[in-house]
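# Topology and contacts: notes
Chain residues, written in single-letter form:
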Amino acid sequence: MLVLLAGIFVVHIATVIMLFVSTIANVWMVGSSSYATISTGLWLLCNRTCTELPVSSQDEASLKAVQAFMILSIIFSVVALVLFIVQLFTLEKGKRFYMTGAVMLVCWMCILIAVSIYTARFTSTVAFATNPHHGYCFILAWICFCFSFIIGVLYLVLRKK
């Protein structure tokens, strides 16, 4: 049981780190131009230097929603991690980690909403670039989506022994 708790804890920390990286780094979409590789993220458009991401007025609300939900997913994941540590030392034996699992599933839902909106609105376009494809941040976000669901369900099922 201790090994299972330690494993879940390590995966949870890895998920938090990957969420930070995927939200902060600007490599959600990558394309090539005649000058260099162009990457876009949630915040900036990077070529050789980074500038503010040019977004049309009709897509601005979608981008703000993606940014907000990714930040919320980080917050909920960190809260779930702290809640797990608190419950680990205060919860009675035989009780389950319901609160931690519920918060982690809220994190999962925030990631789902953010990445789905990004997939629907922004995946086929990179400004001033040809041959756009997904960058590592986009892939990390989907990996975090899977990990947060698995961790959330495991927290709900797991009992303190």
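Everything numeric in this text was worked out from a predicted model, so none of it was measured. (Residues numbered from 1 in each chain as written. Predicted model: local features only at pLDDT ≥ 70, side-chain atom pairs only at ≥ 80, totals over all residues. Heavy atoms only, no water.)

## Comments concerning helix H2 (residues 60–90)
- Over its 31 residues, H2 runs 44 Å from end to end, which matches the ideal 45 Å to within 8%, given 1.5 Å per residue.
- Among the residues of H2, Ser62, Leu63, Val66, Gln67, Met70, Ser73, Ile74, Ser77, Ala80, Leu81, Phe84 and Gln87 are the ones counted as buried.
- Where H2 is buried, its residues contact helix H1 (2–24), helix H3 (98–122) and helix H4 (136–157). (Helix = DSSP H or I, 4+ residues; strand = E, 2+ residues; numbered from the N terminus. Expected span 1.5 Å × (residues − 1). Buried < 20%, exposed > 50% of the residue type's maximum accessible area, 1.4 Å probe, protein only. Contact = heavy atoms within 4.5 Å.)

## Some thoughts on the state of the cysteines
- Applying the stated criterion across every chain, the model contains 1 disulfide.
- Note on cysteine connectivity: Cys46 is disulfide-linked to Cys50, with sulfurs 2.1 Å apart. Between Cys46 and Cys50, the disulfide has an S-S torsion of 110° and is therefore right-handed.
- Unpaired in terms of disulfides, Cys144 finds its nearest cysteine sulfur in Cys107, a separation of 7.9 Å.
- Among the residues examined, Cys144 registers a relative accessible area of 0% and is labelled buried. (Disulfide = S-S within 2.5 Å.)

## Describing the sheet that holds strand E2 (residues 37–40)
- Reading across from one edge, E4-E3-E2-E1-E5 is the order of the 5 strands in this open sheet, with antiparallel pairing throughout. Sheet topology places strand E4 (50–52) and strand E5 (130–134) at the edges, where each strand pairs with a single neighbour. For this sheet the average axis-to-axis angle between neighbouring strands, irrespective of direction, equals 20°.
- Both strand E1 (residues 29–32) and E2 contribute to a ladder of 4 bridges, which runs antiparallel. Bridge pairing links Met29 to Thr40 in E2. (Pairing = 2+ DSSP bridges. Axes fitted to C-alpha atoms, helices over the stretch in contact; angles between N-to-C directions.)

## With respect to the UniProt feature "transmembrane region" (unreviewed entry) in the chain
- Mapped onto the present numbering, the UniProt feature "transmembrane region" (unreviewed entry) falls at residues 7–29, 65–85, 97–118 and 138–158.
- Strand forms 0% of residues 97–118 and helix 95%; the C-alpha atoms that close the span are 32 Å apart.
- For residues 138–158, the end-to-end C-alpha separation is 30 Å, with 95% helix and 0% strand making up the annotated structure. (UniProt positions renumbered as here; feature names shortened; annotations may be inferred.)

## Section: a nonpolar patch on the surface
- Taken together, the side chains of Val11, Ile139, Ile143, Phe147, Phe149, Ile150, Val153, Leu154 and Val157 present a nonpolar region at the surface, about 680 Å² in accessible area.
- Turning to its location among the elements, Val153 is positioned in helix H4.
- Of the residues examined, Val153 reaches a relative accessible area of 32% and is grouped as partly exposed. (Patch = residues over 30% accessible without salt bridge, like charges linked within 9 Å, V, L, I, M, F, W, Y side chains within 5 Å. Areas by Shrake-Rupley, 256 points an atom, 1.4 Å probe, with all protein chains shown as cover. Salt bridge = Lys/Arg side-chain N within 4 Å of Asp/Glu carboxyl O.)

## Examining H3
- The end-to-end C-alpha distance of H3, which contains 25 residues, comes to 36 Å, matching closely the 36 Å that a straight helix rising 1.5 Å per residue would cover.
- Listing the buried residues of H3 in full gives Thr100, Gly101, Val103, Met104, Cys107, Trp108, Cys110, Ile111, Ala114, Val115, Tyr118 and Phe122.
- Elements in contact with the buried residues of H3: H1, E1, E2, H2 and H4.

## Structural notes on the pattern of salt bridges
- In total, this model carries 1 salt bridge according to the counting rule given.
- Note that Asp59 and Arg121 form a salt bridge whose closest N and O atoms lie 3.4 Å from each other. In this pair, Asp59 sits in the loop between E4 and H2 while Arg121 sits in helix H3, placing the two residues 62 residues apart along the sequence.
- Take Asp59: its relative accessible area is 15%, and that puts it in the buried class.
- Arg121 gets classed as partly exposed once you look at its relative accessible area, which sits at 40%.

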